[in-house]
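What follows is the residue order along each chain.
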Amino acid sequence: MLKNIVIALGLGGVLLLGVIVTRPDSFHVERSTVISAPPAAVFALVNDFHQWRGWSPWQHLDEGMKTQFEGPSAGVGAIYSWVGNDKVGQGRMTILGSRPDEKI
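Participant: I'd like a description of the overall build of the chain, backed by residues and values.
Facilitator: Helix and strand counts for the chain stand at 2 helices and 3 strands. Relative to the compact-globule value of 13 Å for 104 residues, the chain shows a C-alpha radius of gyration of 22 Å, a clear excess of over 25%. Burial statistics for the chain: of 104 residues in total, 16% are counted as buried. At a minimum sequence separation of 6, the contacts of the chain that also span at least 24 residues come to 30%. Summing over all exposed atoms, the chain offers an accessible surface of approximately 8,400 Å²; the carbon and sulfur share of this is 62%.

Written as structure tokens, this is what we have:
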């Protein structure tokens, strides 16, 4: 009985390893939505990390979240980092590209 369990676990491990090895080592996530507002209004809120406090749902999950801003106030090179509770965690974002009223 114990021998069968060990064999089953070994085969399961080999199968899991086989699945892991065949997966890509990177991935890309992209999301989009439609907002009923002029592009300039939305762009101004997203391109400037200092504006995120007013609309980001994450900010309201931890009112004591510590945030830090580096670089320019908005646009390419702006950096936003945060440390919060278990719901928001910690992280860092940098704006790498910014085209007014089109994309960030």
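Participant: Describe the packing of aromatic side chains, with residues and values.
Facilitator: Per the counting criterion, the structure on display carries 6 aromatic pairs. Between Phe-49 and Trp-52, the aromatic rings sit 5.2 Å apart at their centres with planes inclined by 70°, giving edge-to-face as the arrangement. As far as burial versus exposure is concerned, Phe-49 and Trp-52 are alike and both buried.

Participant: I'd like a rundown of a nonpolar patch on the surface, residues and numbers included.
Facilitator: Side chains of Met-1, Leu-2, Ile-5, Val-6 and Leu-9 sit close together on the surface and give an oily, nonpolar patch of about 600 Å² of accessible area. Inspection of the secondary structure assignment puts Leu-2 in helix α1 (residues 2-22). By relative accessible area, Leu-2 is classed as exposed at 63%.

Participant: Kindly report on the pattern of salt bridges, identifying the contributing residues and their values.
Facilitator: Throughout the structure, instances matching the rule amount to 2 salt bridges. Note that Arg-92 and Glu-70 form a salt bridge whose closest N and O atoms lie 3.4 Å from each other. Note that Arg-92 is positioned in strand β3 (residues 90-94) and Glu-70 in strand β1 (residues 66-70), a separation of 22 residues in sequence. Residue classification places Glu-70 among the partly exposed positions, given a relative accessible area of 29%. For Arg-99, the salt bridge is made with Glu-102, and the minimal N-O distance between the two is 2.9 Å. Looking at Arg-99, the relative accessible area reads 41%, which means it is partly exposed. Since its relative accessible area comes to 56%, Glu-102 is described here as exposed.

Participant: So, the environment of Lys-103: which residues are in play, and what are the values?
Facilitator: Tracing the chain through its elements places Lys-103 in the segment after β3. A C-alpha to C-alpha distance of 9.6 Å links Lys-103 and Pro-39, two positions 64 residues apart in sequence. The residues contacting Lys-103, other than those within four sequence positions of it, are Phe-43, Gly-97 and Ser-98.

Participant: Describe the side chain of Ser-81, and please don't skip the residues or the numbers.
Facilitator: Along the chain, Ser-81 turns up in strand β2 (residues 79-83). When neighbours within four sequence positions are excluded, Ser-81 is seen to be in contact with Lys-66, Thr-67, Gln-68, Glu-70, Gly-91 and Arg-92.

Conventions used here
- Residues numbered from 1 in each chain as written.
- Predicted model: local features only at pLDDT ≥ 70, side-chain atom pairs only at ≥ 80, totals over all residues.
- Heavy atoms only, no water.
- Helix = DSSP H or I, 4+ residues; strand = E, 2+ residues; numbered from the N terminus.
- Rg over C-alpha atoms; globule rule 2.2 N^0.38 Å.
- Buried < 20%, exposed > 50% of the residue type's maximum accessible area, 1.4 Å probe, protein only.
- Contact = heavy atoms within 4.5 Å.
- Areas by Shrake-Rupley, 256 points an atom, 1.4 Å probe, with all protein chains shown as cover.
- Phe/Tyr/Trp six-rings, centres within 6.5 Å; stacked < 30°, edge-to-face > 60°.
- Patch = residues over 30% accessible without salt bridge, like charges linked within 9 Å, V, L, I, M, F, W, Y side chains within 5 Å.
- Salt bridge = Lys/Arg side-chain N within 4 Å of Asp/Glu carboxyl O.

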